[in-house]
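Each chain is listed here by its residues.
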Amino acid sequence: MSTLTIFQDTQPEQPVLVTSDPVAIVAQLKPLGVRFERWEGPTIPARDADEETVLATYRPFLDKLMGETGAGSADVLRVDANTPNWDTLRGKFLSEHTHSEDEVRFFVHGGGHFILHVADRIYDVECTQTDLISVPEGTKHWFDGGPTPDFVTLRIFTHKEGWVAAYTGTDLAHKFLAYPL
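Residues numbered from 1 in each chain as written. Predicted model: local features only at pLDDT ≥ 70, side-chain atom pairs only at ≥ 80, totals over all residues. Heavy atoms only, no water.

Section: the overall build of the chain
Counting its secondary structure elements, the chain contains four helices and twelve strands. Taken over C-alpha atoms, the radius of gyration comes to 16 Å for the chain, in line with the 16 Å a tight globule of 181 residues would show. In terms of its C-alpha atoms, the chain occupies a principal-axis envelope of roughly 45 × 35 × 30 Å. With 181 residues in all, the chain has 44% of them scored as buried. Expressed as a percentage of contacts within the chain between residues at least 6 apart in sequence, the contacts between residues at least 24 apart total 74%. Of the roughly 8,900 Å² that the chain leaves accessible, carbon and sulfur atoms contribute 53%. (Helix = DSSP H or I, 4+ residues; strand = E, 2+ residues; numbered from the N terminus. Rg over C-alpha atoms; globule rule 2.2 N^0.38 Å. Buried < 20%, exposed > 50% of the residue type's maximum accessible area, 1.4 Å probe, protein only. Contact = heavy atoms within 4.5 Å. Areas by Shrake-Rupley, 256 points an atom, 1.4 Å probe, with all protein chains shown as cover.)

See the structure below:
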């Protein structure tokens with residue numbers, strides 16, 4: 001189940017809001033320019049389905065999204081406990097950063113936390129199977145897939161080279177961990 005938890009950025013121990021209501025999640029994120037929706041309808045492909053099958057399953061959704069946003073490509077990312085160098089990758093994802101284009105993910109299987117830092121608030125968006133999130137370019141954020149990740153996502157790009165992280169240098173992400181280190 002998707003959940004949004006909002007904190008003041010100085011109080012990681014005390015949430016301001018916790019909700020699993022998808023309408024409330026959208027209402028809280030929309031003013032930030034964050035797109036959050038559920039893609040329901042097609043039969044979810046098997047966890048080990050090849051990239052072509054996964055992309056074909058969601059092609060109508062991808063075509064619509066890409067037409068609206070100008071995105072040009074999509075691929076499939078699989079991460080699990082056997083992913084080489086996961087600890088190193090997780091460390092990079094857990095550093096607050098921005099991108100020069102929207103970061104768009106659709107969770108085919110599993111889930112993770114996209115955590116946004118906007119003004120003096122932290123928005124921890126727990127995404128689960130069939131959730132789409134689009135974090136606007138320039139928005140400070142980080143991602144936590146946990147110490148034992150298990151997710152399959154579609155990544156949607158305008159320009160793959162635009163997805164280079166620009167790190168802010170703060171340690172804020174370590175104060176708002178979704179999972180223990």
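A short note on unusual backbone geometry
The backbone of Asn85 sits at a positive phi, close to 60°, despite the residue not being glycine. Looking at the element boundaries, Asn85 is found in the loop between β4 (73-80) and α4 (86-93). When its relative accessible area of 58% is taken as the criterion, Asn85 is described as exposed. One non-glycine residue, Thr130, lies in the positive phi region at around 80°. Tracing the backbone through its elements, the reader meets Thr130 in the loop between β8 (121-127) and β9 (131-135). Thr130 sits in the buried class, given a relative accessible area of 9%.

Details of the pattern of salt bridges
Inspection of the entire model under this criterion finds ten salt bridges. For the salt bridge of Glu68 with Arg35, the shortest nitrogen-to-oxygen distance reads 2.7 Å. Taken together, the residues Glu68 in helix α3 (residues 59-69) and Arg35 in strand β3 (residues 35-38) connect sequence positions 33 residues apart. Of the residues examined, Arg35 reaches a relative accessible area of 23% and is grouped as partly exposed. Here Asp144 makes a salt bridge to Arg90, at a shortest N to O gap of 2.9 Å. Of this pair, Asp144 sits in strand β10 (residues 140-144) while Arg90 sits in helix α4, and the two are 54 residues apart along the sequence. Exposure remark for Arg90: the relative accessible area of 5% places this residue in the buried category. (Salt bridge = Lys/Arg side-chain N within 4 Å of Asp/Glu carboxyl O.)

Observations regarding the sheet that holds β3
An order of β3-β9-β6-β11-β4 is seen for the five strands of this open sheet, with the pairing classed as antiparallel. Since the sheet does not close on itself, it has two edges, and those belong to β3 and β4, each with one partner. On average, each strand axis in the sheet is tilted by 20° relative to the strand beside it, whichever way the strands run. With five bridges connecting them, strand β6 (residues 103-109) and strand β11 (residues 150-157) associate as antiparallel partners. Of the residues in β11, the one forming a bridge with Arg105 is Arg155. Strand contacts of α3: β3, β4, β6, β9 and β11, with the helix running at about 45° to β11, the strand carrying the most contacts. (Pairing = 2+ DSSP bridges. Axes fitted to C-alpha atoms, helices over the stretch in contact; angles between N-to-C directions.)

Examining the side chain of Ser2
Examined against the element boundaries, Ser2 turns out to sit in the segment before β1 (3-8). Polar side-chain contacts of Ser2 include one of 2.4 Å to the side chain of Asp131. Residues contacting Ser2, with those up to four places away along its chain left out, are Thr19, Ser20, Ile25, Phe36, Arg38, Glu126, Thr128 and Asp131. (Polar contact = N/O pair within 3.5 Å; in protein donor to acceptor, adjacent residues only side chain to side chain.)

Focus on the pairing of β6
Looking along a regular strand, one sees the side chains alternate between the two faces of the sheet. With seven of seven residues buried, β6 is to be regarded as a mostly interior element. Pairing analysis gives four bridges linking β6 to β9, with the strands arranged antiparallel. Its bridge partner being in β9, Val104 is matched across the sheet by Ser134.

Thoughts on the side chain of Thr83
Tracing the backbone shows Thr83 in the loop between β4 and α4. Among the polar contacts made by the side chain of Thr83, one reaches the main-chain amide nitrogen of Asp80 at a distance of 2.9 Å. Discounting residues that sit within four places of it in the chain, Thr83 has contacts with Arg78 and Leu89.

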